[in-house]
Amino acid sequence: MAQQMTQQELYGFLEDRFECARACAECARVCALRVSTLDPDVGTEREQVRRTGIVCSEVCEATCRALTEGNEQDADILRIQLEWCRVICLDCAQAFGSRPETEKSAASCRACAAACTDFIAALA
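Residues numbered from 1 in each chain as written. Predicted model: local features only at pLDDT ≥ 70, side-chain atom pairs only at ≥ 80, totals over all residues. Heavy atoms only, no water.

A. Fine view of the packing of helix H1 (residues 7–36) against helix H3 (residues 75–97). The interhelical angle for the contact between H1 and H3, taken along N-to-C directions, is 40°, at an axis separation of 12 Å. Comparing their axes, H3 and H1 come out oblique. Crossing of H1 against H3: the hand is left-handed. Residues Arg-17, Cys-20, Cys-24, Cys-27, Cys-31, Arg-34 and Val-35 of H1 pack against Leu-78, Leu-82, Cys-85, Cys-89, Cys-92 and Phe-96 of H3. For the contact of H1 with H3, the class distribution of residues is 11 nonpolar, no polar and 2 charged. (Axes fitted to C-alpha atoms, helices over the stretch in contact; angles between N-to-C directions. Helix = DSSP H or I, 4+ residues; strand = E, 2+ residues; numbered from the N terminus. Parallel < 35°, antiparallel > 145°, perpendicular 65-115°, else oblique. Left-handed = near helix turned anticlockwise from the far one by under 90°. Contact = heavy atoms within 4.5 Å. Nonpolar A, V, L, I, M, F, W, Y, C, P; charged D, E, K, R; others polar.)

B. Seen up close, helix H4 (residues 103–123). In a regular helix each residue adds 1.5 Å, so 21 residues correspond to 30 Å; H4 covers 30 Å between its end C-alpha atoms and thus fits that length. The set of residues buried in H4 consists of Ser-105, Ala-106, Ser-108, Cys-109, Cys-112, Ala-113, Ala-115, Cys-116, Phe-119 and Leu-123. Turning to H4, the residues buried within the fold contact H1, helix H2 (44–68) and H3. (Expected span 1.5 Å × (residues − 1). Buried < 20%, exposed > 50% of the residue type's maximum accessible area, 1.4 Å probe, protein only.)

Here it is, written out as structure tokens:
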């Protein structure tokens, strides 16, 4: 983002950043709610889904915080955070997507991954 942005480009950039932060916050909330309904003592497959959801919630929350902080952040560090969030969300969507009752949670994870992908492109 070394070049000068027009006011319209700046607004678009900030809207993309806000949308990504919103998607991350929603995914963190949905994952936290979903894992709270999973019994950790049921079996190894369910425990793995639960752990994946917990990690996704934590990574999404951290990404949301990074996106809502001031502009003092290094763009390369922010890209790494966004890519990490994107990968974790896709993993979580796959873990959640294997169960019919978790499809809405998986959709939230996929939406967050897409928002991260879009914002990574905006940072280029």
